[in-house]
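The lines below spell out each chain.
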Amino acid sequence: MLPIVNAVGCVVLVGFIFIQWLEGQGLERDLGETRTREILEKNARTEAEQQITQLRSDIQGLKDSVDSIRQAAEAAEKELVIKNEEIAKFAAGLEEARAMIVTWEAAVKERDEALKLRDEALQKRDEAIAARDSKLKEVNAQLVATRKRLDEAVAELKKAGAR
């Protein structure tokens, strides 16, 4: 019976070893799967970290871009304020120039009226001078005629007195 117990013990031992071997194979397979998952998780973690780094870099780039756009907008706004002030100055200058033009036009109109009045006065003066000259010629002709008659009368008186 000892050989049978030995044989049964051997079979039990072989069964136990076989079960242990199967469990070892299962554990080794689980370990392989676990290692594969660990590698995949490490790869995924590395990829996620790279994406995080890239996203942080992109975010920083966007922040820088927003800052530069904000600065450009502020500069453009300041320039716009300056341009609006210049436009206001030019508009005021334009209004002043328009007022000066109105004043100038009024002065030119007054000058033209004064020139017209002066021309009329000069024409009347020229007419008066012409009339005076005509009158002087007439009076001069009368004076010459009167002097001639006076000379003739004096000559006749001299002749009558000499007789």
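In the block above lies the structure referred to throughout.
This is a predicted model, so every value here is computed, not measured.

**What about the overall build of the protein?**
Then, number 1: Helix and strand counts for the protein come out as one helix and zero strands.
Then, number 2: The C-alpha atoms of the protein give 67 Å as radius of gyration, which overshoots the globular expectation for 163 residues (15 Å, by more than 25%).
Then, number 3: In the protein, which comprises 163 residues, the proportion classed as buried is 1%.
Then, number 4: Carbon and sulfur atoms provide 62% of the accessible area of the protein, an area that totals close to 15,000 Å².
Then, number 5: Positive and negative side-chain charges in the protein, numbering 27 and 31 respectively, have mean positions lying 19 Å apart.

**Quick word on the pattern of salt bridges**
Then, number 1: Under the definition given, this model contains seven salt bridges.
Then, number 2: With its nearest N and O atoms 3.3 Å apart, the salt bridge here joins Asp-67 to Arg-70. Note that Asp-67 and Arg-70 are positioned in helix H1 (residues 2–162) at a spacing of three residues, about one turn of the helix.
Then, number 3: Relative accessible area serves as the criterion here: at 46%, Arg-70 is assigned to the partly exposed category.
Then, number 4: Here Arg-132 and Asp-133 are joined by a salt bridge, their closest N and O atoms 3.1 Å apart.
Then, number 5: Taking the relative accessible area as the measure of exposure, Asp-133 reaches 32% and is therefore partly exposed.

**Describing a nonpolar patch on the surface**
Then, number 1: A cluster of nonpolar side chains, Met-1, Leu-2 and Val-5, forms an exposed patch at the surface whose accessible area comes to about 370 Å².
Then, number 2: By the secondary structure assignment, Met-1 is in the segment before H1.
Then, number 3: A relative accessible area of 73% means that Met-1 is categorised as exposed.

The rules behind these values
- Residues numbered from 1 in each chain as written.
- Predicted model: local features only at pLDDT ≥ 70, side-chain atom pairs only at ≥ 80, totals over all residues.
- Heavy atoms only, no water.
- Helix = DSSP H or I, 4+ residues; strand = E, 2+ residues; numbered from the N terminus.
- Rg over C-alpha atoms; globule rule 2.2 N^0.38 Å.
- Buried < 20%, exposed > 50% of the residue type's maximum accessible area, 1.4 Å probe, protein only.
- Areas by Shrake-Rupley, 256 points an atom, 1.4 Å probe, with all protein chains shown as cover.
- Lys, Arg positive; Asp, Glu negative; His and termini not counted.
- Charge placed at Lys NZ, Arg CZ, Asp CG, Glu CD.
- Salt bridge = Lys/Arg side-chain N within 4 Å of Asp/Glu carboxyl O.
- Patch = residues over 30% accessible without salt bridge, like charges linked within 9 Å, V, L, I, M, F, W, Y side chains within 5 Å.

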